[in-house]
Amino acid sequence: MSARDYIEKDYYKTLGVSKDATLPEIKKTYRKLARKFHPDANTGDSTAEERFKEISEAYDVLSDEKRRKEYDDARALFAGGGFRVPAGGGGPGGAGGFTFDLGDLFGGAGTTGGGGAGGSGAGGLGDIFGGLFGGNRRSATAAPRRGADVESEVTLAFAEAVDGVTVPLRLSTPGPCGTCYGSGAKPGTVPRVCPQCSGTGSVPRNQGGFAFAEPCRECRGRGLLVDDPCPTCGGTGATMTERSLTVRIPAGVADGQRIRLKGKGGPGERGGPAGDLVVLVHVTPHRVFGRAGENLTVTLPVTFAEAALGATVKVPTLGGAPVSVKIAPGTNGGRTLRVRGKGVPRRDGSRGDLLVSVEVAVPQKLSAKARTALESFAAESDGDPRAHLMELADRG
């Protein structure tokens, strides 16, 4: 979570709970909202997907006692005007000014806490007050930094996506250079401290009554300068490495869904946590079955006689034995029958349903005997199935 999140996002409002809500109340509300806005229950609804992400982010903070306290204290500090200097008291930034940067204020809550739902701040409020009142001031660029998120893609068969599967992935991620061990300097040499920022990696920039820290342009925020670069990494201190990873794709994943695996991304810098691995899932269409949220769909052809007279017929299921369904006499084409428990697995262990759409199959060829019988049937049939259309059309 970034420093901006502490200031701008109201996680209590996102979940719809009070600031005094207990943990059981928060959990109960989260489960209710998660079921309502889960992507599997709102296929193709980007608004619901975004709402689900916001709910998950808020729950990750408010369900953790330590992170909730840091969040509450930080917002209380901003709301109470904790960054104002008393009248007549010029702060370190000059007359009436005050010097701070958000990285120092949050003590790594943004830079080490990780992105999204998985991170947890390493510093907390101790660093807030240290950064404000001249304690052990740390540059945000010199602090531990969370590793970058890594994205990958995987293509699954339809049945694999429904039932879940474990797949191998091969990733290319940046890591410390094996020649210079991350220093960026040629073996036998060492980097020197940047004279511009004195090794902090940042320099102050005055704007009005405030002074903000920004990355040093001389060393690009590293705090060190390399005069003789490492021949392997060119002075960056990092190289791309290949690694294999086994990933479990949960049951019920949908086409286009992203699976986030915490801590499986790029390595952190200066002791920071690793980033996340985000896997984009592609699902190959099935030749028989389709999907509608947590339900599977199938089209069932029936003969005219079965639709008219009624029948019991077999319907295939995904990965299981066929089941029998009853076609009621007089069933029209397009009617949907429901076979319970034969759909997509849910998180609670239950499954959705199989939706069977009836399609009346019209024979392409008729024998002379069949034609005669059908003509006799037509002659005996009463009524015009299109009569109501004519009446409605005449009424306008």
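For the structure, check the block above.
## What to know about the overall build of the protein chain
Link 1 in the chain: For the protein chain, the helix and strand inventory stands at 11 helices and 16 strands.
Link 2 in the chain: Summed over all atoms, the accessible surface of the protein chain reaches about 23,100 Å², with 52% contributed by carbon and sulfur.

## Things to note about the sheet that holds strand 12 (residues 295–303)
Link 1 in the chain: Pairing is mixed in the open sheet, where four strands are placed in the order 11-12-16-15. The sheet terminates laterally at strand 11 (290–292) and strand 15 (336–339), the two strands that pair on one side only. Direction aside, neighbouring strands of the sheet carry axes that sit 40 degrees apart on average.
Link 2 in the chain: Direction of pairing for strand 12 relative to strand 16 (residues 354–361): parallel, over a ladder of eight bridges. Pairing of V298 across the sheet is with V356, part of strand 16.

## A short note on the packing of aromatic side chains
Link 1 in the chain: Evaluation of the coordinates by the stated rule reveals four aromatic pairs.
Link 2 in the chain: A centroid spacing of 6.2 Å and a plane angle of 40 degrees characterise the contact between Y12 and Y71, whose relative ring orientation is tilted. Taken together, the residues Y12 in helix 2 (residues 11–15) and Y71 in helix 5 (residues 65–79) connect sequence positions 59 residues apart.
Link 3 in the chain: Taking relative accessible area as the criterion, Y12 reaches 3% and is therefore assigned buried.
Link 4 in the chain: Exposure remark for Y71: the relative accessible area of 0% places this residue in the buried category.
Link 5 in the chain: With a centroid separation of 5.6 Å and 75 degrees between ring planes, the pair formed by F304 and F377 is classed as edge-to-face. Here the residue F304 occupies a position in helix 9 (residues 304–309), and F377 occupies one in helix 10 (residues 368–380), the gap between them amounting to 73 residues.
Link 6 in the chain: Look at F377 and you get partly exposed, because its relative accessible area is 44%.

## Concerning the packing of helix 3 (residues 23–37) against helix 4 (residues 46–62)
Link 1 in the chain: In the contact formed by helix 3 and helix 4, the axes pass within 10 Å of each other and the chain directions differ by 165 degrees. The angle between helix 3 and helix 4 places the two elements in the roughly antiparallel class. Handedness of the crossing formed by helix 3 with helix 4: left-handed. Between helix 3 and helix 4, the residues in contact are L23, I26, K27, Y30, L33, A34 and F37 and A48, R51, F52, I55, S56, Y59 and L62, respectively.
Link 2 in the chain: Residues that form the contact of helix 3 with helix 4 fall into these classes: 11 nonpolar, one polar and two charged.

## Details of helix 4
Link 1 in the chain: For helix 4, with 17 residues, the first-to-last C-alpha span of 25 Å sits near the 24 Å given by 1.5 Å per residue.
Link 2 in the chain: Those residues of helix 4 not exposed but buried are A48, F52, I55, S56, E57, A58, Y59, V61 and L62.
Link 3 in the chain: Looking at where helix 4 begins, the residue whose side-chain oxygen comes 3.1 Å from the main-chain nitrogen of T47 is D45.

## Examining the sheet that holds strand 10 (residues 277–283)
Link 1 in the chain: Reading across from one edge, 2-10-9 is the order of the three strands in this open sheet, with mixed pairing throughout. Strands at the two margins of the open sheet, each flanked by one partner only, are strand 2 (150–156) and strand 9 (258–261). Each strand axis lies, on average, 25 degrees off the axis of its neighbour in the sheet, ignoring direction.
Link 2 in the chain: In terms of strand pairing, strand 2 meets strand 10 through seven bridges, oriented parallel.

## Details of a nonpolar patch on the surface
Link 1 in the chain: Residues F304, L366, L374 and F377 make up a contiguous nonpolar surface patch of about 360 Å² in total accessible area.
Link 2 in the chain: Relative accessible area serves as the criterion here: at 43%, F304 is assigned to the partly exposed category.

## A closer look at unusual backbone geometry
Trans is the common state for peptide bonds, and a negative phi is the common state for residues other than glycine.
Link 1 in the chain: For S198, which is not a glycine, the phi torsion comes out positive at approximately 60 degrees.
Link 2 in the chain: Looking at where S198 falls in the secondary structure, it is placed in the loop between strand 4 (192–193) and strand 5 (202–207).
Link 3 in the chain: On the accessibility criterion, S198 (59% relative accessible area) is exposed.

## Observations regarding the state of the cysteines
Link 1 in the chain: Applying the stated criterion to the full structure yields zero disulfides.
Link 2 in the chain: For the unlinked cysteine C194, the closest cysteine sulfur is that of C197, found at 3.7 Å.
Link 3 in the chain: Summary of cysteine pairing: C230 is not part of a disulfide, and the nearest cysteine sulfur, belonging to C177, is at 3.9 Å.

## Details of the nonpolar core
Link 1 in the chain: Formed by 37 residues in total, the largest nonpolar core has its most connected members in L156, L277, L300, V315, L354 and V356.
Link 2 in the chain: Membership of the second largest hydrophobic core comes to 18 residues, among which are Y12, I26, I55 and Y71.

## Some details on the pairing of strand 12
Link 1 in the chain: Bridge count for strand 11 against strand 12 is three bridges, and the pairing is antiparallel. Pairing of A292 across the sheet is with N295, part of strand 12.

## Looking at a positive patch on the surface
Link 1 in the chain: On the surface, K28, R31, K32, R35 and K36 cluster together into a patch of positive charge.
Link 2 in the chain: Along the chain, the position of K32 falls in helix 3.

Calculation rules
Residues numbered from 1 in each chain as written. Predicted model: local features only at pLDDT ≥ 70, side-chain atom pairs only at ≥ 80, totals over all residues. Heavy atoms only, no water. Helix = DSSP H or I, 4+ residues; strand = E, 2+ residues; numbered from the N terminus. Areas by Shrake-Rupley, 256 points an atom, 1.4 Å probe, with all protein chains shown as cover. Pairing = 2+ DSSP bridges. Axes fitted to C-alpha atoms, helices over the stretch in contact; angles between N-to-C directions. Phe/Tyr/Trp six-rings, centres within 6.5 Å; stacked < 30°, edge-to-face > 60°. Buried < 20%, exposed > 50% of the residue type's maximum accessible area, 1.4 Å probe, protein only. Parallel < 35°, antiparallel > 145°, perpendicular 65-115°, else oblique. Left-handed = near helix turned anticlockwise from the far one by under 90°. Contact = heavy atoms within 4.5 Å. Nonpolar A, V, L, I, M, F, W, Y, C, P; charged D, E, K, R; others polar. Expected span 1.5 Å × (residues − 1). Polar contact = N/O pair within 3.5 Å; in protein donor to acceptor, adjacent residues only side chain to side chain. Patch = residues over 30% accessible without salt bridge, like charges linked within 9 Å, V, L, I, M, F, W, Y side chains within 5 Å. Salt bridge = Lys/Arg side-chain N within 4 Å of Asp/Glu carboxyl O. Disulfide = S-S within 2.5 Å. Core = buried A, V, L, I, M, F, W, Y, C linked by side-chain atoms within 4.5 Å. Lys, Arg positive; Asp, Glu negative; His and termini not counted. Charge placed at Lys NZ, Arg CZ, Asp CG, Glu CD.

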